[in-house]
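# Summary of structural features
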Amino acid sequence: MYYLLMAWLPALAGAAPLFVRRRFGAGVTMFIVAGFMLQLFAWLGQPSTAWPLYGYAGIMTLILWIIAAIVDMVIADDLSFIALFPVAGFVLLIGSWVMGWSLFNAGTYAHMIGSMEAREWTRDIQPKDPRHMAMVTPDNAFYLAKKAIGQEGAIGSQFSLNQDAMTLQRHGGELVYVVPLDFKGFSTWTGTEGVPAYIIVSAEDPERRPEMVKLPRGEELKYTPDAYFSYYLTRHLREQGYVNVALEDPWFELDENNKPWWITPTYVPTVMWSGERVTGVLVTNPASGDTRWYALQDAPSWIDRLMPRDIVRNYVSWWGDLSGGWWNSFWTQKSLTQPEKTILVYGSDNRLMYVTDITSSNGKDDSLVGLVYTDTRTGKSSLYYVTGGATASAILSAVNHNQDVHYKNLHGDWAQLYNIDNTMGVVVPLLNAQDAFQGVAIAELQNPQDVAVGTTQFEALNRYKAILARRGQQVAIENIAEAKTLSGTIDRIRQDVSGPYYFIVTGTPHIFTASSQDYPKLPLAEKGDAVELKYLASGETVLPVITFDDLSITVEKTKAEGQVAGAAAARQAKEGERNLSVDTEAQFRNLTPEQREQLLKQMKK
């Protein structure tokens, strides 16, 4: 019925001018030929009627009116009144485009994102557990999945990986990528019972072997984006009656029982041909084709993502460009912003968020204006202003030019912003030319020139904390680990392969770590040496060292070296005082008016 309505009604409307002119033979011929052709086009393209003029149906009718006018002109050898039909159609079409122009709808476009509250980043975004950081990039996950399917023999020869439908989700208490397999071609589709498996790739541990999950007999995936005829997923959804909504590209998710589903967001335009608004999601059983539509607020809790990335990015772009009105975006261009990159990040509350960094629309400006966090289920966004921060591209450039990264011919990818000891820490997985995982880099958003590099996130994290401490930030930031001083003797010391040194001080239940690049005495230290050090007392097993001195090794400092060390200590103290002031001011701003009034009364006593 869907294809009949999408084809024969426009065919009848398109041939109507010829019937009006009493060209019955030409009208019937055009109706029949156009009906079959439009039915084929509709079957191939699965169009929607959600758009102005009923979308595909209206456009096809306009095209047929043009053809009808030409046919009539050929028969009569003159231009008749039915030329008004395509003219009227063009007026309606162009009028709908004009009416959707941002000149007339700037406020509507700017508010598509909803009300965004400006919030304090360090208070709202809780510190991230490093055990649940995503260390595997999408490219790396696909690389691992390709290796896994290549080892499966027959499956790898008949089915391919669908990278577009690959999904990052939280499953079984950890972050994983779920990578669906799909048919390689028509012969595979006709010669098999369905897609027999999917692959799970750990997003937290790049060393873990991917798991190929083989489906029980009778539960193979039959409805997929690469299937044929009525098993082609989008065509199947249209045939189920979902015609008056536009469909986003589907993605693949697992429920709590490891059962796979296709998730297809539905949306409608709200400003003529634009202003897309998500109305809900279609959840499809890939084995049976059973489909159910859910409004956003009613979607099952196991679905991590309901909002498509492109729609969220459009919202941020319209907000930054049109909040000051169309004239400001076109002429005065005051305070215009634009999104740079939108990535997926799991917060400490295990909710999936889109993080979009926004910059000035000035192409020569490489600094960050703020961050927009968007909940992928509700679509609600929050704005966090960032003064002087670096953009994602600037962070990646700093990482790629770091000597440890550049020397090994590595590159960073998928920069993720986390709260690391209440600082804006950008975690960047490092890959080689084949997209295989090789390590982790961490840089602070507001000081990207200092990059901590390690073979694991824990090693990089320890070095990052040491960098923070040397700046004096351990004094300034709430909840950061306390810096303590320790004197003792080395019980044992070892160096990781081409990495940092690890040592134990007699009588302490922790392992300390430091780099010989920072402390040249480390390679010479031996068991029994008297040492003095300062470290971050976070309570973890391995603690990064802030300062280190082997008292058993006596070396003479030049006057210049002494001056440099003194100046560094002074800068560290000054930085700590400055950051303490900034943090105190931020805390004061977050107090309610009643709390501020009470605090001021106490200060006057």
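Attention here is on the structure that accompanies the text. Position numbers for residues start from 1 in each chain and track the written sequence from start to end. The predicted nature of this model means local features are confined to residues of pLDDT at least 70 and side-chain atom pairs, given and counted, to a pLDDT of 80 or more, with totals for whole chains, interfaces and linings taken over all residues. With hydrogens and water set aside, each side-chain value is computed from the structure's full complement of heavy atoms.

A pairing counts as a salt bridge when a side-chain nitrogen of Lys or Arg comes within 4 Å of a carboxyl oxygen of Asp or Glu. Taken as a whole, this structure holds six salt bridges when the rule is applied. Of the charged contacts in the structure, one is a salt bridge between Asp 72 and Arg 23, with a shortest N-O distance of 3.0 Å. One end of the pair, Asp 72, is in helix α3 (residues 56–76); the other, Arg 23, is in the loop between α1 (2–20) and α2 (24–45), with 49 residues separating them in the sequence. In this structure, the salt-bridge partner of Asp 491 is Arg 492, at a minimum N-O distance of 3.7 Å. Burial status follows relative accessibility: with a 1.4 Å probe on protein chains alone, a residue under 20% of its type maximum counts as buried, one over 50% as exposed, and anything between as partly exposed. A residue is classified by how much of its surface remains accessible, and Arg 492, at 53% relative accessible area, is exposed. A network of salt bridges, in which partner residues are shared, links Arg 21, Arg 23 and Asp 72. Only DSSP runs of H or I reaching four residues or more are called helices, and only runs of E reaching two or more are called strands; each is numbered from the N terminus.

This part covers the packing of α3 against helix α4 (residues 84–99). Axis angles are defined between N-to-C directions and span 0 to 180 degrees, where every axis is a line fitted to C-alpha atoms and, for a helix, only to the segment in contact. Two numbers describe how α3 lies on α4: the axes approach to 8 Å, and their chain directions differ by 150°. The angle between the axes of α3 and α4 places the two elements in the roughly antiparallel class. Read as a crossing pair, α3 and α4 show a hand that is left-handed. Along the contact surface, α3 presents Ile 59, Leu 62, Trp 65, Ile 66 and Ala 69, while α4 presents Phe 85, Pro 86, Gly 89, Phe 90 and Leu 93. Comment on the angle field: the value is read as roughly parallel under 35 degrees, roughly antiparallel over 145, roughly perpendicular from 65 to 115, and oblique elsewhere. Left-handed describes a crossing whose near helix is turned anticlockwise from the far helix by less than a right angle; the clockwise case is right-handed. By the convention used here, residues are in contact when the closest approach between their heavy atoms is within 4.5 Å.

For patches, a residue must show more than 30% relative accessible area and have no salt bridge; joins then use 9 Å for like charges and 5 Å for nonpolar side chains, namely Val, Leu, Ile, Met, Phe, Trp and Tyr. For every accessible area listed, the method is Shrake-Rupley and the probe measures 1.4 Å; residues are considered covered only by the protein chains on display. In this tally Asp and Glu are treated as negative and Lys and Arg as positive; neither His nor the chain ends contributes. Charged groups are reduced to one reference atom each: NZ for lysine, CZ for arginine, CG for aspartic acid, CD for glutamic acid. Taken together, the side chains of Asp 164, Asp 226, Asp 249 and Asp 310 present a region of like negative charge at the surface. Structurally, the position occupied by Asp 164 is in the loop between β2 (159–161) and β3 (167–171).

Now for the nonpolar core. Here the nonpolar core consists of buried residues drawn from Ala, Val, Leu, Ile, Met, Phe, Trp, Tyr and Cys, with membership extended through side-chain atoms lying within 4.5 Å. Ranked by size, the top nonpolar core spans 125 residues in total, and within it Tyr 177, Ile 199, Leu 371 and Tyr 373 carry the most contacts. Those residues in contact with Tyr 177 that lie beyond four places of it in its chain are Val 136, Thr 137, Pro 138, Ala 141, Met 166, Thr 167, Leu 168, Ile 199, Ile 200, Val 201, Ala 203 and Trp 414.

Bear in mind that shape data such as this cannot, by itself, settle questions of function.
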